[in-house]
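# Structural characterization, general
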Amino acid sequence: MVGGPYIIETLGLSVSYDGRYAVRNISMRFPRNSITAIIGPSGCGKSTLLRSLNRMNDLIPGARVEGRVLFKGVDIYGDGVDPVDVRRRIGMVFQKPNPFPMSIYDNVAFGLRINGIKDDLDRRVRRALEQAALWDEVKDRLRENAYKLSGGQQQRLCIARALAVEPEVLLLDEPAASLDPVATAKIEELLTTLKQDYTIIIVTHNMQQAARIADQTAVLMPDETGAGTLVEYGPTRQIFTNPRSRRTEDYIRGRIG
Amino acid sequence: MALKQLLDRVVPRVLLTAVSLSVIFLASLLIEVAYTGLGMLSPNLIRGYPSSDPSRAGLRPAIWGSVWVVGLAMLVALPLGVATALYLSEYSRRGWLSKLIYFNLTNLAAVPSVVYGLVGLSFLGYFMGAGRSVLTGGLTLSFLILPLIVVVSMEAIRSVPELHRLGAYALGATRSQVVARIVLPEALPGILTGSILAVSRAMGEAAPLLVISGLIFVRDAPSGLLDGFTVLPLQIFSWILRPQEEFRRLSAAGIIVLLVLLLSMNSLAIVLRNMLQERRAE
Ligand SMILES: Nc1ncnc2c1ncn2[C@@H]1O[C@H](COP(=O)(O)OP(=O)(O)O)[C@@H](O)[C@H]1O
Ligand SMILES: [Mg+2]
């Protein structure tokens, strides 16, 4: 397997906005078919780190990436790499559910259509919805506008939409932040099943959530200049029961209260 | 203290008086037009041809002239304006070029419309040889409404949520795909609403077309781009200039036709906008 057991690896990754660093010198590896959680105080660069893994940062004027991000051994910031191709293979789900103003079916088929896939659309849409544990709830209303779904359903639709193009990695930026506990539990359960087929990297501000679903957890903390650095990274149990640094311990204890 | 309280009481009354005055002024104008013109409204007014006999004179060439000129203006200005807006807001958001273009466009919107007519006649009409034709009139009007269309389109494009664009990019969409499949469809209703307002602006415009076509006697609807033309406001204006009392009443009837047309277009735009707002709130 190219890249070994690690599908993504960052090497000395730093990201700045108009010269101000948001994350600095991050080197970490993400194992395949597992869930990695990224936690840390607000503003420490979690979203920035996540966006730099599939070149969504390219869309932000003033953003600059230094260091390397290897996806299956290839630097996604290297010459000749098309960011569009990177994003198709490394999908992303956002904090706020963002279905397009079109039907449920068209939402899921969107990524397929723009990538020129025309055959088997029905089957692919159904498979994605099944994977996102949404099929049973929407199978009789595929032509309805996606906005008619509840918030939790909308977020699972966004997950289905991302899965439809068959990415290898799924990035999620606080996907349950705007959802109620029941909808959150559904998403968490879904992610633990999805890791059999995908590599999942999730940013969360919810410690219990990280503890419940993540195989390994990374903790980002701001340095003196406010830029996020990686202060802790290891198996989730270890991070929560026996953190190496005093700062992590205080942070985790403070958040769990 | 006392002054402040006094002002608090006086200012609203002054404002109310001002509002009432302008409403009364407008209302009396409308009543005067309706009183003079209603009696002259007839199917013949819309179907008939111009004539020196006021009981037979009609607006047919003027209505068709308006349709031709305004239609041509929209045909040119709508794609050009939307393309400009898309370029300015989706392709060069931060560029100095887009700032320069936007600045110039908003300034153009403040140029008196008669200036467009003068430039249109001398450049298109004489220099390019298009004469006092539908082509010259339509193109001139298209440049007149271009800034309006660019500005409303940019507004509609700006109201497309950034998260929809990002969602599409995250699925591996290229910028052109995001523009064609997300931004344009979502902005289109807003663009259309603004375009209806642009059409009604162009319909009511008299000054630049007066310069271009003059108050000529137009016997029939135009049948080609190089034909001469008249439009509703000009036909009405030419009737007002006639000495006979009947023509003055006929012009009032023409004003009613024009007003009904403009008001229904503006209401259509408002209804459309409200429908869209409701849909977005869902
Ligand atoms: N689009 C942006 N433009 C400029 N600065 C940004 C942008 N996004 C984030 N930042 C800055 O980068 C830092 C990290 O932000 P972010 O990655 O959103 O942190 P987190 O997700 O941990 O809350 C913050 O100081 C924030 O102000
Ligand atoms: Mg964030």
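Being a predicted model, the structure only gives us computed values, none of them experimental.

## Remarks on the site of ligand 1
Residues and elements named next belong to chain A. Taken together, the residues surrounding ligand 1 are Tyr 17, Arg 20, Ala 22, Ser 42, Gly 43, Cys 44, Gly 45, Lys 46, Ser 47, Thr 48, Arg 51 and Ile 60. Within the backbone of Gly 43, one N or O atom sits 2.7 Å away from an oxygen atom of ligand 1. Take Lys 46: an N or O atom from its main chain is 2.9 Å from an oxygen atom of ligand 1. For ligand 1, whose unbound accessible area comes to 560 Å², protein coverage reaches 63%. The element contributing the most residues to the shell around ligand 1 is helix α1 (residues 46-52), with 4 residues. Considering only residue class, the shell around ligand 1 consists of 4 nonpolar, 5 polar and 3 charged.

## A short note on a nonpolar patch on the surface
All names here are of chain B. Taken together, the side chains of Leu 3, Leu 6, Leu 7, Val 10, Val 11, Val 14 and Leu 15 define a hydrophobic patch exposed on the protein surface, amounting to about 630 Å² of accessible area. Structurally, Leu 15 can be placed in helix α1 (residues 2-37). With a relative accessible area of 53%, Leu 15 lands in the exposed category.

## Notes on the interface of chain A and chain B
Listed per partner, the contact involves 27 residues of chain A and 17 residues of chain B. In total, about 1800 Å² of surface goes out of reach between chain A and chain B, with carbon and sulfur atoms giving 70% of it. Applying the counting rule to chain A against chain B returns 0 salt bridges. Applying the counting criterion to the chain A and chain B interface returns 4 residue pairs in polar contact (both at pLDDT 80 or more). It is helix α3 (residues 104-114) of chain A that provides the largest number of residues to the side of chain A that touches chain B, a total of 4 residues. Considered class by class, the residues forming the side of chain A that touches chain B number 16 nonpolar, 5 polar and 6 charged.

## Brief notes about the confidence of the model for chain A
For chain A, the average pLDDT comes to 94, and 98% of its residues sit at 70 or higher. Across chain A, element-level confidence peaks in strand β8 (residues 199-203) of chain A with a mean pLDDT of 98 and bottoms out in helix α10 (residues 246-256) of chain A with 82.

## Re the pattern of salt bridges
Residue and element names in this part refer to chain B. One pass over the structure, following the stated rule, counts 22 salt bridges over all chains. Here Arg 165 and Glu 162 are joined by a salt bridge, their closest N and O atoms 3.0 Å apart. With Arg 165 and Glu 162 both in helix α7 (residues 162-169), this residue pair falls 3 residues apart, about one helical turn. Taking the shortest distance from any N to any O, the salt bridge between Arg 248 and Glu 245 comes out at 3.6 Å.

## Focus on the pairing of strand β9 (residues 216-222) of chain A
All names here are of chain A. Burial analysis of β9 places 6 of its 7 residues in the buried class, which makes it a mostly covered element. As paired strands, strand β3 (residues 35-39) and β9 are joined by 4 bridges and run parallel to one another. Paired with Thr 36 across the bridge in β9 is Gln 216. Counting the residues in the hairpin turn of β9 and strand β10 (residues 228-235) gives 5 residues, including Gly 226, whose phi is positive at 95°.

## Some thoughts on the packing of aromatic side chains
In the structure shown here, the tally under the stated rule is 4 aromatic pairs over all chains. Both rings, one in A:Phe100 and one in A:Phe110, keep their centres 4.7 Å apart while their planes meet at 50°; by these two values the pair is tilted. Of this pair, A:Phe100 sits in the loop between β6 (90-93) and α3 while A:Phe110 sits in helix α3, and the two are 10 residues apart along the sequence. Overall, the relative accessible area of 5% leaves A:Phe110 in the buried class. Ring plane angle 25° and centroid distance 5.7 Å describe the contact between B:Phe123 and B:Phe127, whose orientation is recorded as stacked. Placement of the pair is B:Phe123 and B:Phe127 together in helix α5 (residues 113-127), with a separation of 4 residues, close to one helical turn. For B:Phe127, a relative accessible area of 66% corresponds to the exposed category. Above the ring of A:Tyr21, the side-chain terminus of A:Arg24 is found at 4.8 Å from the ring centroid. If you follow B:Arg242 out to its NZ or CZ, it ends over the ring of B:Phe247, 4.5 Å from the centre.

Cut-offs used in this document
Residue positions are counted from 1 within each chain, in the order its sequence is given. Chain letters and ligand numbers both follow the written order, the letters beginning at A and the numbers at 1. In keeping with the predicted nature of the model, local features appear solely for residues at pLDDT of at least 70, side-chain atom pairs appear and are counted solely at 80 or more, and the whole-chain, interface and lining totals rest on all residues. As a rule here, side-chain values cover all heavy atoms of the structure and leave hydrogens and water aside. Proximity is defined per residue: if any heavy atom of the residue lies within 4 Å of a molecule or strand, that residue is considered near it. Side-chain atoms alone can form a polar contact between residues adjacent in sequence; in general such a contact is a pair of N or O atoms within 3.5 Å, and within protein one must be able to donate a hydrogen while the other accepts it. For the accessible areas, the method is Shrake-Rupley and the probe is 1.4 Å, while residue cover comes only from the protein chains on display. The helix and strand labels rest on DSSP assignments: H or I over at least four residues marks a helix, E over at least two residues marks a strand, and numbering proceeds from the N terminus. Put simply, Ala, Val, Leu, Ile, Met, Phe, Trp, Tyr, Cys and Pro go in the nonpolar bin, Asp, Glu, Lys and Arg in the charged bin, and everything else, Gly too, in the polar bin. Nonpolar side chains (Val, Leu, Ile, Met, Phe, Trp, Tyr) within 5 Å and like charges within 9 Å form the patches, drawn only from residues with over 30% relative accessible area and no salt bridge. Counted as salt bridges are all cases of a side-chain nitrogen of Lys or Arg within 4 Å of a carboxyl oxygen of Asp or Glu. With a 1.4 Å probe rolled over the protein chains alone, any residue whose accessible area is under 20% of its type maximum counts as buried; one over 50% counts as exposed, and the rest are partly exposed. Only heavy atoms enter the contact rule, under which two residues are in contact if any of them lie within 4.5 Å. Buried area is understood as the total, over both parts, of accessible area removed when two parts are fitted together, assessed with a 1.4 Å probe. As a per-residue quantity, pLDDT reports the predictor's confidence and falls between 0 and 100. Two strands qualify as a pair provided DSSP detects at least 2 bridges between them. Two rings from Phe, Tyr or Trp (for Trp, the six-membered ring) form a pair when their centres are within 6.5 Å of each other. A pair whose planes differ by under 30 degrees is stacked, one over 60 is edge-to-face, and the rest are tilted. We call a charge positioned over a ring when the NZ of a Lys or the CZ of an Arg lies within 6 Å of the ring centre and within 35 degrees of the ring normal.

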